[in-house]
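Architecture at a glance
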Amino acid sequence: MRKNLWIGLVMLFLIFGFLFTVSCAQQEVKDTAEKTATEPEKAPEEKATEATKEVEQPTADMSEEERAILAARNIFLSEDIYFEFDKFTLDSMSQDVLTRKADWMRANADVVVSVEGHCDERGTNEYNLALGEKRAESAKTFLVDLGIDAYRISTVSYGEERPVDTGHNEEAWAKNRRAHCLIP
Amino acid sequence: MRKYLIKTICMAIFLALFIMPGLCHADYDYIDINNPFLRKIPIAIPVFSSLPDSKTEKPALKKASDLLSETLAFTGYFRMLDRGAFLIDPDNSPLITAKINFNNWVSIGAELLITGGLSEKENTIEMELRLFDTFKGKRLIGKKYEGPAGDLQQMIRRFCSEVIYHLTGNRGIFNSKIAFISTGSGNKEIYICDFDGSNIKQFTQNNRINLFPAWSSDAKWIAYTSYLNGKPDIYIINLKDKHRTIISNKGINITPAWAPARFELAATLSFSGDQEIYLLTGTGKIIKRLTRKWGSDLSPTWSPDGKKIAFVSNRAGSPQIYIKDIDSEQVERLTFNGQYNTQPNWSPRGDKIAYSALQEGINNIFVVDIKNRQPIQLTFDSGNNEAPSWSSDGSLIAFSSTREGPSRIYIMTASGTDQRRLLFLHGEQTNPKWSPNVNNE
């Protein structure tokens, strides 16, 4: 019995001995740092021409007819369509405004227009860019349904990127949730 | 008699099994990967010594040791011990195991110690850095670096990478960059900085609106949306040779997100009349359409295995986050709390998605575990907090915050602790995007 006990103990020592030879020794390594070249990076500069015609004031030498034409054009450019938060549906006031715009476009059959869709600053940039497009498209569809040729109307979304009012209150936000027409 | 022998051997093996695990995991004893920010490891980094046969000035030694300290502190894993409490003579601090009296460090509570030796000759430097376990009195890492003086920051970062690798099993974030948007020039342009906010460079300079920068998985390409041509198009730029591809379909081309490990990206295009997510090659060719439901689908973010995307959709009436399996095409909804959950970002570890939730007019960052689906709020009462972006190793989150007034880029740990500003530029900074680790080799 004693002999077996000794054999057992020897086995035990052997096993532990194997275990303790496993080591996680770190080796000292020589490392030379590489030189990195740093360059200033620019995207190619390009100028996109945007000649958007703004609302114009009448000059003193204009005839009454000319003034009336200018006034109608100014109304077209300055009357915006407004939306509720996170919505792109047109309320009755927006529909009236768009009906007037359709009338003007019919009377000025050679003009092409662009409809911009905008959002207020709440929410996030990505979702607002998508929502802005929905608002612009909503206005365009209404005009097309009234008989305006679709090719005359392009749309672009600016999301929350181009507010008219940078205030942080409901009044400012309401002004920014809009679709705006311009003559490119 | 035989019976006793077998019995003893079995007992020995049984005992061995208890001890073996202890030996194998010796390396990762220091940081609990599952809860790494629960307890910060106290670490001491004394001012470096001048290497023998060189007379490096004190300011240079301090600068290098401070840089090492700040770089490691950035990870959030450590508590940097105040040098004022050190017991050693700062002008005579030993560098190697044989000469260090570890009691000096153990007694002030340091569990880790880093010693540095620096030698400056003309325009080259030589640096020896060693990491010690003070309780065991053992050196864990020893490295020697040589090179031009301008490479000091890079050498320090390499060593930090070794330290973090030793402690956590992954290389950390020291080779990563962050792209972000800043309005300082008067327009939203894209900028790039190092992970710690240093070395800021302007990336776009086109005086237009630039948005949504996204890094390819090898960090060699950036895709972004730009109004260069008067409408939102996606630009894909190679960082080295500036090679450029433009995705300019009719409508909006937004929210590009590169797939892991391949030269493909997902993006939202609306040319079909509906805002859907498509899969495209890195050269802008459409491979296939990924979403099908009517409504807005945008902001894709990939799982690290490239098999799934999380994205925003308002198919249920308001913007919520969904997960889609690319192959099986199965879609399931992820967020159910609140009416407006957007900007999802999938952690590189695969287990969590960060996003921003708009509640009562204010955005805050939430993190949801993929398995248990419980959202956890990470920012509170601090203005608008949006656009979360995980670090390359999933340990930190970059985001934008208006808690100071103007929007700034902030960093926090994955558990929401240690929230601090990353950098300051004129104008406002938004939409940070953390790059994968940049391969120098």
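Residues numbered from 1 in each chain as written. Chains lettered and ligands numbered in written order. Predicted model: local features only at pLDDT ≥ 70, side-chain atom pairs only at ≥ 80, totals over all residues.

Topic: the overall build of chain B
Let me state the cut-off plainly: Secondary structure is summarised from DSSP: a helix means a run of H or I of at least four residues, a strand means a run of E of at least two, and numbering begins at the N terminus for each. Buried, partly exposed and exposed are defined by the number of other C-beta atoms within 10 Å of a residue's own C-beta, namely 20 or more, between the two limits, and 12 or fewer respectively, with C-beta atoms placed from the backbone. We call two residues in contact whenever the C-beta atoms placed from their backbones are within 7 Å.
Looking only at helices and strands, chain B features 4 helices and 30 strands. Counting only C-alpha atoms and orienting by the principal axes, one finds that chain B spans roughly 75 × 75 × 40 Å. Among the 441 residues that make up chain B, the fraction classed as buried is 46%. Restricting the contact set of chain B to residue pairs at least 6 apart, pairs at least 24 apart contribute 43%.

Comments concerning the overall build of chain A
Across its full length, chain A holds 5 helices and 5 strands. Mapped from its N terminus to its C terminus, chain A presents α and β elements in the order α-β-α-β-α-β-α-β-α-β. Residues classed as buried in chain A amount to 29% of the 184 residues present. Look at the contacts in chain A between residues 6 or more apart in sequence, and 70% of them connect residues 24 or more apart.

Side note on the sheet that holds strand β2 (residues 81–82) of chain A
All names here are of chain A. Cut-off, in case you're wondering: Criterion used throughout: strands pair if DSSP finds at least two bridges between them. Helix axes are fitted to C-alpha atoms over the stretch in contact, other axes to C-alpha atoms as well, and angles between N-to-C directions run from 0 to 180 degrees.
With respect to topology, 4 strands assemble into an open sheet ordered β2-β5-β3-β4, the strand pairing being mixed. Looking along the sheet, the strands with just one partner apiece sit at the ends: β2 and β4 (153–159). Where helix α4 (residues 125–145) meets the sheet, its contacts fall on β2, β3 (113–118), β4 and β5 (178–182), and the angle it forms with β4 comes to roughly 155°.

Here's the deal with the environment of B:W258
Residue and element names in this part refer to chain B. If you trace the backbone, W258 turns up in strand β14 (residues 253–258). Owing to 24 C-beta atoms within 10 Å, W258 belongs among the buried residues under this scheme. It is 9.4 Å that separates the C-alpha atoms of W258 and L279, two residues lying 21 residues apart in sequence. Among residues more than four places away in sequence, those in contact with W258 are A214, W215, S216, S217, A223 and L265.

Observations concerning unusual backbone geometry
Residues and elements named next belong to chain B. Of note in this structure, Q343 is not a glycine but carries a positive phi near 55°. With respect to the helices, strands and loops of the structure, Q343 is situated in strand β22 (residues 341–346). By C-beta crowding, Q343 is classed as buried, having 28 other C-beta atoms within 10 Å. One non-glycine residue with positive phi stands out, namely D381, at about 45°. Tracing the sequence through the fold places D381 in the loop between β25 (375–377) and β26 (385–390). Residue D381 is classed as exposed on the basis of its C-beta count, with 7 C-beta atoms lying within 10 Å.

Some details on the domain arrangement of chain B
All names here are of chain B. Counted only if it meets this: Where each domain starts and ends comes from a domain assignment, either automatic or drawn from a database. Gly is placed with the polar residues, together with every amino acid not listed as nonpolar (Ala, Val, Leu, Ile, Met, Phe, Trp, Tyr, Cys and Pro) or charged (Asp, Glu, Lys and Arg).
Partitioning chain B into structural domains gives domain 1 (24–168) and domain 2 (177–434). Taken over C-alpha atoms, the centre of domain 1 sits 36 Å from the centre of domain 2. Counting from both sides, the interface comprises 6 residues of domain 1 and, opposite them, 7 residues of domain 2. Here the side of domain 1 that touches domain 2 is built from residues that sort into 3 nonpolar, 3 polar and no charged.

Considerations on the nonpolar core
Using the following cut-off: Each nonpolar core consists of buried Ala, Val, Leu, Ile, Met, Phe, Trp, Tyr and Cys residues. Their C-beta atoms, within 7 Å, join them into a set.
Grouped together as the largest cluster of nonpolar side chains are 114 residues, with contacts concentrated most on B:I222, B:A223, B:A266 and B:A267. Split by domain, the residues of this core number at least three in each of domain 1 (24–168) and domain 2 (177–434) of chain B. Setting aside chain neighbours within four positions, we find B:A267 in contact with B:I234, B:I247, B:N253, B:I254, B:T255, B:P256, B:Y278 and B:L280. Of all hydrophobic cores here, the second largest spans 16 residues; its members include A:I81, A:M105, A:A136 and A:I148.

Focus: α4(A)
All names here are of chain A. Note the following rule: Take the number of residues in a helix, subtract one, and multiply by 1.5 Å to get its expected span.
Helix length check: α4 (21 residues) gives 30 Å between terminal C-alpha atoms against 30 Å at 1.5 Å per residue, within 8%. When you tally the buried positions in α4, you get 18 out of 21 residues, the bulk of the element. Phi turns positive one or two residues past the end of α4, at G147, with a value near 105°.

Topic: the sheet that holds strand β21 (residues 331–333) of chain B
All names here are of chain B. Spatially, the 4 strands line up as an open sheet ordered β18-β19-β20-β21, and their pairing is antiparallel. The open sheet has two edge strands with one neighbour each: β18 (297–302) and β21. Averaged over all pairs of adjacent strands, the angle between strand axes in this sheet comes to 30°, irrespective of strand direction.

A closer look at the pairing of strand β23 (residues 352–359) of chain B
On any regular strand, side chains alternate: one points to one face of the sheet, the next to the other face. All names here are of chain B. Where burial is concerned, most of β23 is hidden: 6 out of the 8 residues are buried. Of the strand pairs in this sheet, β23 and strand β24 (residues 362–369) are connected by 8 bridges, and their pairing is antiparallel. Note on β24: the bridge partner recorded for K352 is D369. Hairpin remark: β23 followed by β24, antiparallel, with 2 residues in the connecting loop; positive phi at E360, about 55°.

Here we look at the pairing of strand β19 (residues 308–313) of chain B
Residue and element names in this part refer to chain B. With respect to burial, β19 is a largely interior element, 6 of its 6 residues being buried. Because side chains alternate across β19, one face comprises the buried residues K308, A310 and V312, and the other comprises I309, F311 and S313, equally buried. In this structure, β18 lies alongside β19, joined through 4 bridges in antiparallel fashion. Its bridge partner being in β19, L298 is matched across the sheet by V312.

Side note on the packing of helix α3 (residues 92–107) of chain A against α4(A)
Residues and elements named next belong to chain A. Definition in use: An angle counts as roughly parallel when it lies under 35 degrees, as roughly antiparallel when it exceeds 145, as roughly perpendicular when it falls between 65 and 115, and as oblique in every other case. In this scheme, a crossing is called left-handed if the near helix is turned counterclockwise away from the far one by less than a right angle; it is called right-handed if the turn is clockwise.
Interhelical geometry of α3 versus α4 gives an angle of 55° and a closest axis separation of 9 Å. With respect to α4, the element α3 is oriented oblique. Judged by the sense of rotation from one axis to the other, the crossing of α3 with α4 is right-handed. On α4, the residues that touch Q95, L98, K101, A102 and M105 of α3 are A139, F142 and L143.

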